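Below are the chains, spelled out letter by letter.
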Amino acid sequence: NGNSVRDKWNYWVFGLSLSSYLNGEEARKSISVNGNLSADRVTPHWKIGADLFANYNERKYKTDEETILSITRSQSFRGLVVKSISDHWSAGLYGSAYSSIYSNTKLSLSGAPAVEYNVFHYDEATRREFRFLYRTGHTNVRYNEETIYEKLREKLYNESLSVTFEVREPWGSERFSVEGSHYFHDIKK
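Before going into details, it helps to say that this report is about the structure given with it. Along each chain, residue indices are assigned from 1 in the same order as the chain's sequence is written. Whole-chain, interface and lining totals are the exception, using all residues; otherwise, since this is a predicted model, local features are given only for residues with pLDDT of at least 70 and side-chain atom pairs are given and counted only at 80 or more. Note: side-chain values were computed over all heavy atoms of the structure, leaving out hydrogens and water.

**A few points about the side chain of Glu58**
Labels follow the DSSP assignment, with helices taken as runs of H or I lasting at least four residues and strands as runs of E lasting at least two, numbered in each case from the N terminus. Positionally, Glu58 belongs in strand β3 (residues 46-62). As a buried residue without a salt bridge, Glu58 has its nearest oppositely charged side chain in Lys60, at a separation of 4.8 Å. Contacts described as polar in this section are N or O atom pairs within 3.5 Å, which, within protein, must combine one atom able to donate a hydrogen with one able to accept it, while residues neighboring in sequence count only if both atoms come from side chains. Engagement of the side chain of Glu58 in a polar contact is seen with the side chain of Tyr56, the distance being 2.6 Å. Look past the residues within four positions of Glu58 in its chain and what remains in contact with it is Lys29, Ser30, Ile31, Leu69, Ser70 and Ile71. The classification of residues rests on relative accessible area computed with a 1.4 Å probe and restricted to protein chains. Under 20% of the type maximum is buried, over 50% is exposed, and intermediate values are partly exposed. When charges are counted, Lys and Arg contribute as positive and Asp and Glu as negative, whereas His and the chain ends are disregarded. Criterion for a salt bridge: a side-chain nitrogen of Lys or Arg within 4 Å of a carboxyl oxygen of Asp or Glu. Contact definition: two residues touch when any of their heavy atoms are within 4.5 Å.

**What to know about a positive patch on the surface**
Each patch is assembled from residues with relative accessible area greater than 30% and no salt bridge, linking like charges that lie within 9 Å and nonpolar side chains (Val, Leu, Ile, Met, Phe, Trp, Tyr) that lie within 5 Å. Accessible areas in this description were obtained via Shrake-Rupley with a 1.4 Å probe; residue shielding takes into account the shown protein chains only. The atoms used to mark charge sites are NZ of Lys, CZ of Arg, CG of Asp and CD of Glu. The grouping of Lys106, Arg142, Arg153 and Lys155 at the surface amounts to a positive patch. Following the sequence through the fold, Lys106 ends up in strand β6 (residues 105-118). Judged by relative accessible area, Lys106 falls into the partly exposed class, the value being 45%.

**Regarding the pattern of salt bridges**
Tallying each qualifying case throughout the model produces eleven salt bridges. For the salt bridge of Glu25 with Arg28, the shortest nitrogen-to-oxygen distance reads 3.5 Å. The partly exposed category is assigned to Glu25, whose relative accessible area is 44%. Taking the relative accessible area as the measure of exposure, Arg28 reaches 42% and is therefore partly exposed. Taking the shortest distance from any N to any O, the salt bridge between Glu116 and Arg131 comes out at 3.4 Å. Of this pair, Glu116 sits in strand β6 while Arg131 sits in strand β7 (residues 128-143), and the two are 15 residues apart along the sequence.

**Points about the sheet that holds strand β2 (residues 28-42)**
One key point about sheets: their strands pair by backbone hydrogen bonds, in either a parallel or an antiparallel sense. Pairing is antiparallel across the open sheet formed by nine strands, whose spatial order is β1-β2-β3-β4-β5-β6-β7-β8-β9. Lying at the two open borders of the sheet, with one neighbouring strand each, are β1 (12-24) and β9 (172-183). In this sheet, adjacent strand axes meet at a mean angle of 15 degrees when their direction is disregarded. Here, a strand pair is defined by DSSP locating no fewer than two bridges between the strands. Axis definition: a line fitted to C-alpha atoms, over the contacting stretch in the case of helices. Angles run 0 to 180 degrees between N-to-C directions.

**Focus on empty space enclosed by the protein**
A pocket here means an open set of points on a 1 Å grid, computed over the protein atoms alone, that has protein on both sides within 12 Å along at least five of seven lines. A cavity is instead a set of points where a 1.4 Å probe fits but cannot get out; residues with an atom within 4 Å of a point line either one. Grid points are joined across faces, edges and corners, and a volume is the space filled by probe spheres set on the points. By the definition in use, this model includes one cavity of 30 Å³ or more. Of all the secondary-structure elements, those providing two or more residues to the lining of the largest cavity are β2 and β3.

Geometry only, nothing functional implied.
Right, dumping it as structure tokens:
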């Protein structure tokens, strides 16, 4: 009809989130800082998504004898690239990196092929999605300290299924997601 709109961002959507929490009393103080940076590009043929997250927590407790300081940090990166292979199906690759003092993880690297099914027609993916993402792959983990299983390194094979509902409108976006996963060597983990 001649009223086409030019997208100067070429379907890219960027997000930035920062939050902090400060709490203090004479005997205890706590600080928490979180940051998240995301970049997503969804077209009828490709979906590219990347998230970078960082967290810092510091807690101080004063007693009559001493001051106790507890610091935890974590960082993570997740990326997904999938190509549409039909109106509802897509396939591609998932990768992640993770580090956390709290989880005793010096570095965890994961890679996996991924298959995705979107309930909505794929040409609506820029506006709304109700998708199921299955992936199975390999995780290489290095620990800060020896685990209770006497390991400093570990190679793990796992699978994961996530369900995500997402809507993008001019007023903003909403997203709900749930994920379940397990390791093949022990289905309870």
